[in-house]
Structure formats: structure tokens, C-alpha cells
Amino acid sequence: MPIAIGWLITHRPTVSALVLAGLCGVLSSIVPYVTDLTALRWIPAHLFGTLTSVNPVWAALIGVVVLGQRLGGLEWIGIGLIVGSNACALVAHRGADAGDDHQDDRRQPQGTGRLSEQHPAGDGGDDRFEAEQHSEHVPR
């Protein structure tokens with residue numbers, strides 16, 4: 001931080017540069033956060049965790065392809081370990097799902113009119129479910 005302060009004192013930034021830097025800082029936090037929350041609404045949590053763990057692999061591969069960086073042996077071993085562990089996690093989960101009679105565990109976004117959970121009558125659940133199940137009008 002002291003180096004940045006010294007640099008800012010000797011090199012006066014323009015207002016547009018400060019606005020763009022602030023915008024970049026805010027968007028680099030907000031966009032991934034909103035994207036992650038949106039993805040969590042549509043895909044199972046275990047799949048989201050697996051996909052998220054691949055981010056360092058993508059970063060390393062982009063560094064190689066776009067920036068021309070060279071990865072050492074330990075970096076390639078690390079990439080292999082991440083890819084291998086993700087493959088094992090997906091295979092293990094798929095094997096566990098083979099015996100389940102559960103429906104797709106993706107969550108439905110709120111406000112779509114579809115119920116994400118079914119509530120038995122009388123437990124304080126959603127009236128729409130009861131109306132659909134019993135084909136009768138339930139006063140609200």
C-alpha cells in the first residue's frame with residue numbers, strides 16, 4: 001500500500017482512470033458472485049463444487065495459451081490431481097445416484113410457479129400444492 005500511495009502522489013491519475021479502476025474492482029467481485037448464486041439455483045451443489053474446483057486448472061491453461069507461461073512439472077502434477085479427483089468425485093456420485101429413485105436434485109428458481117418441495121397437507125406448506133393435489137380451491 002505505501003508503494004501505491006507514493007506512486008499515486010508522483011503520477012496523478014485522471015478522474016476517468018479512477019472511475020474505471022473502481023468499476024473494475026466492483027465488477028470483478030459482483031459478477032462472479034451473482035454468477036455463482038445463479039448457477040447454484042440451477043445445478044446440484046455437488047456439481048457446482050466440482051466445477052468450482054476446476055478454476056485453478058482453467059487459470060493455468062489460460063496462462064499457458066494466452067500469456068505464453070511455462071508450467072513446471074509440479075504444476076502439471078497439480079493439474080492432473082485436480083482433474084483426477086474431480087473425475088473420481090463425478091464417477092462416485094453417479095454410482096451413488098444409480099440406486100436412487102430421487103428426481104433431479106436441481107433447485108427451481110423462486111417465482112416460476114413450480115414447487116421445489118412437496119409439503120403434505122396440514123404442515124403449513126404451500127397452498128398451491130394442496131390445491132393441485134386435492135383439486136379444490138384453498139382460500140388464501
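Procedures and definitions
Residues numbered from 1 in each chain as written. Predicted model: local features only at pLDDT ≥ 70, side-chain atom pairs only at ≥ 80, totals over all residues. Heavy atoms only, no water. Helix = DSSP H or I, 4+ residues; strand = E, 2+ residues; numbered from the N terminus. Buried < 20%, exposed > 50% of the residue type's maximum accessible area, 1.4 Å probe, protein only. Contact = heavy atoms within 4.5 Å. Areas by Shrake-Rupley, 256 points an atom, 1.4 Å probe, with all protein chains shown as cover. Patch = residues over 30% accessible without salt bridge, like charges linked within 9 Å, V, L, I, M, F, W, Y side chains within 5 Å. Salt bridge = Lys/Arg side-chain N within 4 Å of Asp/Glu carboxyl O. Arc of directions from axis to C-beta.

What to know about the overall build of the protein chain
Counting its regular elements, the protein chain contains 6 helices and 0 strands. Of all 140 residues assigned to the protein chain, the portion counted as buried reaches 9%. Considering only intrachain contacts with a sequence separation of at least 6, the fraction spanning at least 24 residues in the protein chain is 44%. As displayed, the protein chain has an accessible area near 11,300 Å², and 64% of this comes from carbon and sulfur atoms.

Some thoughts on a nonpolar patch on the surface
Nonpolar side chains collect at one region of the surface, where W58, L61, I62, V65, V66, L67 and W76 lie side by side and expose about 770 Å² of accessible area between them. Top element by residues in the nonpolar patch is helix α4 (residues 55–65). It accounts for 4 residues. Relative to the helices and strands, W76 is located in helix α5 (residues 73–98).

Things to note about the side chain of N86
Along the polypeptide, N86 turns up in helix α5. Here N86 is in contact with T50, S53 and V54, once residues within four sequence places are set aside.

Considerations on the side chain of T50
On the secondary structure map, T50 appears in helix α3 (residues 45–52). Ignoring any residue separated from it by four or fewer positions in sequence, one finds T50 in contact with N86 and L90.

Section: α4
For the α-helix, the turn length of 3.6 residues means that residues three or four positions removed from each other point alike. The complete set of buried residues in α4 reads V57, A60 and G63. With its buried residues spanning 125° around the axis, α4 presents them on a single face. What points out from α4, more than 90 degrees from its buried face, is the exposed set W58, A59 and V65.

With respect to the environment of L90
Counting through the fold element by element, L90 comes out in helix α5. Since its relative accessible area comes to 38%, L90 is described here as partly exposed. Taking C-alpha positions, L90 is 7.9 Å from T50, a pair spaced 40 residues apart along the chain. Not counting chain neighbours up to four residues away, the residues in contact with L90 comprise L47 and T50.

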